Amino acid sequence: MTIQRHPNLWPPFTQIATTASPQRVTAGEGALLFREQGGPLIDAISSWWVTLHGHAHPVIAEAVADQARRLEQVIFADFTHEPAEQLAIRLSGITGLQRLFFSDNGSTAVEVALKIACQWWANRGQPRHQIVAFDGAYHGDTFGAMAVGERNLFSAPFEDKLFPVARVPWPSTWWNDSEVNTKEAASLQVLEAALETPTAAVILEPLLQGAGGMTIVRPEFLQEVEIRTKTSGALLIADEVLTGFGRCGDWFASRRAGIRPDLMALSKGLTGGCLPMGVTMASEAIFEAFIGKDPSLTLWHGHSFTANPLGCAAAVASITLLETNPAAFQNFEARHRPYLKRLDQHPRVERTRLVGTVAAFDLVVKGPAGYLNPAGPAIKRIAMEHGVFLRPLGQVIYLLPPLCISDAQLAQCYEAVGTALDQI
Ligand SMILES: *Cc1c(COP(=O)(O)O)cnc(C)c1O
């Protein structure tokens, strides 16, 4: 089956010289994607980690359609509207952060958090410049987000344009990891040294680094990071673009970890994965430093589609779905565990880890670690032949399914992974 590449499309994160042409998808329903050619596929990675309740969810579709017939978009500087106000009330309730600033995606939600943090210090007449971030971090693809993310092949052409950041090791852990205490202590030591320089903010992905390889840290570690960050006066930014809205088994990963960030970046599952939208949540104490007669105190930032009513309506509908059935995310870890325990015995599996809806392990393979390892594409191809869509991160294989996936579909995912492991 050869598929012709479209002559006008430029796909994301893809080298077309070395990858197969994309397949045309005609519809989605629940955990399934329907293709023009070939059978249905289980979307085991929630279409790049965004699809929360399943594809084409009727409740979200209805909310968006209803809103589109009433008000599709309005400038948000001189006007407000009910979907935005509703969403602000709901989000401040579940995050514990009172103020909401809108943008369009995860990268911009991070950019806004960084700008708020830096300007917060400037507005109070005590400018601080240093930002602290973690090794392996991924915060998005715009310049500020790239600067705080791990520098790699993807950011290399822009290296000279990225602002400097102090780096702290990420003490990732897994089942039966005997080194975790040592790794955490070493990391905290580096953090303490970095915080001796006046620091505007510490940014991290709570519990789970996503694009960096689905690596997890313990709640205890994050609590120690929080203590040191707050003692230094620096603001704590939680990038919950991936981990928010039940992904990690609680409403937010920071809540599950027992930490209270000052700023939070949200996107991906915010609208149930239905429409692009980002928000940055901020504490009232931060917001207050931006109020006053002096125009320089203002956060001079905004996007054309700020608080798009369709996105707001989708987000409110998605949060209602989560509230109606929190067991769907609270109990997901228990659904993964028995399958993952079995996989953990496989000779090709190491560093098994699990948090909420996300199950991951490393392949025992030769060759380069990271995105360029060839074993990932082989696993992907074999799983696809068994009706399951995976997208390994190099030698890291993970399942990150939508909440609606059935028991039979989840079993099929693990069967496909097992078969692929036996065949490579
Ligand atoms: C995906 C992601 C981003 C970037 O979000 P985009 O919507 O792709 O810009 C930022 N941070 C984390 C943790 C992410 O997983």
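J.: Account for the overall build of the chain, with residues named and values stated.
T.: Helix and strand content of the chain: 14 helices and 16 strands. On C-alpha atoms alone, the chain measures out to a radius of gyration of 21 Å, which is about the 22 Å that the 2.2 N^0.38 rule sets for 424 residues. Across its three principal axes, the chain shows a C-alpha extent of roughly 65 × 55 × 45 Å. Taking all 424 residues of the chain together, the buried fraction comes to 52%. By sequence separation, contacts in the chain at least 24 residues apart represent 71% of the contacts at least 6 residues apart.

J.: Account for the domain arrangement of the chain, with residues named and values stated.
T.: According to the domain assignment, the chain consists of domain 1 (25-56 + 331-423) and domain 2 (71-324). Of note, the centres of domain 1 and domain 2, computed from C-alpha atoms alone, are 27 Å apart. With 29 residues of domain 1 in contact, the opposing surface of domain 2 contributes 28 residues. Contact with domain 2 buries area across many residues of domain 1, yet Trp-49, Leu-52 and Val-355 alone supply 27% of it, more than any other trio.

J.: Explain the packing of aromatic side chains residue by residue, including any values.
T.: Overall, the coordinates contain 11 aromatic pairs when judged by the stated rule. Centre to centre, the rings of Phe-13 and Trp-48 are 5.9 Å apart; their planes meet at 70°, and the pair counts as edge-to-face. Placement of Phe-13 in the segment before strand 1 (25-29) and of Trp-48 in helix 1 (residues 46-49) is noted, with a sequence separation of 35 residues between them. Its relative accessible area of 41% is what places Phe-13 among the partly exposed residues. Using a relative accessible area of 35% as the deciding quantity, one classes Trp-48 as partly exposed. In this structure, Lys-183 is placed above the aromatic ring of Trp-174, and the distance from its NZ or CZ to the ring centre is 3.9 Å. Here Arg-335 stacks its cationic end above the ring of Phe-332, 4.8 Å away from the centre of that ring.

J.: Tell me about the packing of helix 12 (residues 332-343) against helix 14 (residues 407-423), residues and numbers included.
T.: Helix 14 packs onto helix 12 with a crossing angle of 15° between their chain directions and a minimal axis gap of 11 Å. Relative to helix 14, the element helix 12 is oriented roughly parallel. In the crossing of helix 12 with helix 14, the sense of the turn from one axis to the other is right-handed. Packed against helix 12, whose contacting residues are Arg-335, His-336, Tyr-339, Leu-340 and Leu-343, the element helix 14 presents Asp-407, Leu-410, Ala-411, Tyr-414, Val-417, Gly-418 and Leu-421 at the interface.

J.: Please set out the sheet that holds strand 7 (residues 199-204) residue by residue, giving values where relevant.
T.: Pairing is mixed in the open sheet, where 7 strands are placed in the order 4-12-11-10-7-5-6. Looking along the sheet, the strands with just one partner apiece sit at the ends: strand 4 (99-103) and strand 6 (166-168). For this sheet the average axis-to-axis angle between neighbouring strands, irrespective of direction, equals 20°. Pairing of strand 7 with strand 10 (residues 235-239) involves 4 bridges; the strand directions are parallel. From the neighbouring strand, Ile-203 faces strand 10, where its bridge partner is Ile-237. Contacting strand 4, strand 5 (130-134), strand 7, strand 10, strand 11 (263-266) and strand 12 (278-282), helix 4 (residues 106-123) runs over the sheet at an angle of about 175° to strand 10.

J.: Would you mind going over the environment of Pro-127 in detail, with residue names and values included?
T.: Assignment of secondary structure puts Pro-127 in the loop between helix 4 and strand 5. For Pro-127, a relative accessible area of 53% corresponds to the exposed category. Separated by 73 residues in sequence, Pro-127 and Ala-200 place their C-alpha atoms 8.0 Å apart. Sequence-distant contacts of Pro-127, defined by excluding residues within four places in its chain, comprise Trp-121 and Ala-122.

J.: Help me get a handle on the site of the ligand, residues and values and all.
T.: Lining the immediate environment of the ligand, one finds Trp-49, Asn-105, Gly-106, Ser-107, Tyr-138, His-139, Gly-140, Glu-205, Asp-239, Val-241, Leu-242 and Lys-268. One of the side-chain nitrogen or oxygen atoms of Ser-107 is found 2.5 Å away from an oxygen atom of the ligand. In the model, a nitrogen atom of the ligand is placed 2.7 Å from a nitrogen or oxygen of the Asp-239 side chain. Across the complex, the protein chains shield 83% of the 380 Å² of accessible surface that the ligand would expose by itself.

J.: Please give an account of the environment of Gly-376 that cites residues and values.
T.: Following the sequence through the fold, Gly-376 ends up in helix 13 (residues 375-385). Overall, Gly-376 belongs to the buried group, its relative accessible area being 2%.

J.: Got a sec to walk through unusual backbone geometry? Specific residues and values, please.
T.: One non-glycine residue, Ala-56, adopts positive backbone phi at about 50°. By the element assignment, Ala-56 lies in the loop between helix 1 and helix 2 (58-70). One non-glycine residue with positive phi stands out, namely Lys-268, at about 40°. Locating Lys-268 in the fold gives a position in the loop between strand 11 and strand 12.

Thresholds, definitions, all that
- Residues numbered from 1 in each chain as written.
- Predicted model: local features only at pLDDT ≥ 70, side-chain atom pairs only at ≥ 80, totals over all residues.
- Heavy atoms only, no water.
- Helix = DSSP H or I, 4+ residues; strand = E, 2+ residues; numbered from the N terminus.
- Rg over C-alpha atoms; globule rule 2.2 N^0.38 Å.
- Buried < 20%, exposed > 50% of the residue type's maximum accessible area, 1.4 Å probe, protein only.
- Contact = heavy atoms within 4.5 Å.
- Domains from an automatic or database assignment.
- Buried area = accessible area lost by both parts, 1.4 Å probe.
- Phe/Tyr/Trp six-rings, centres within 6.5 Å; stacked < 30°, edge-to-face > 60°.
- Lys NZ or Arg CZ within 6 Å of the ring centre and 35° of its normal.
- Axes fitted to C-alpha atoms, helices over the stretch in contact; angles between N-to-C directions.
- Parallel < 35°, antiparallel > 145°, perpendicular 65-115°, else oblique.
- Left-handed = near helix turned anticlockwise from the far one by under 90°.
- Pairing = 2+ DSSP bridges.
- Near = heavy atom within 4 Å.
- Polar contact = N/O pair within 3.5 Å; in protein donor to acceptor, adjacent residues only side chain to side chain.
- Areas by Shrake-Rupley, 256 points an atom, 1.4 Å probe, with all protein chains shown as cover.

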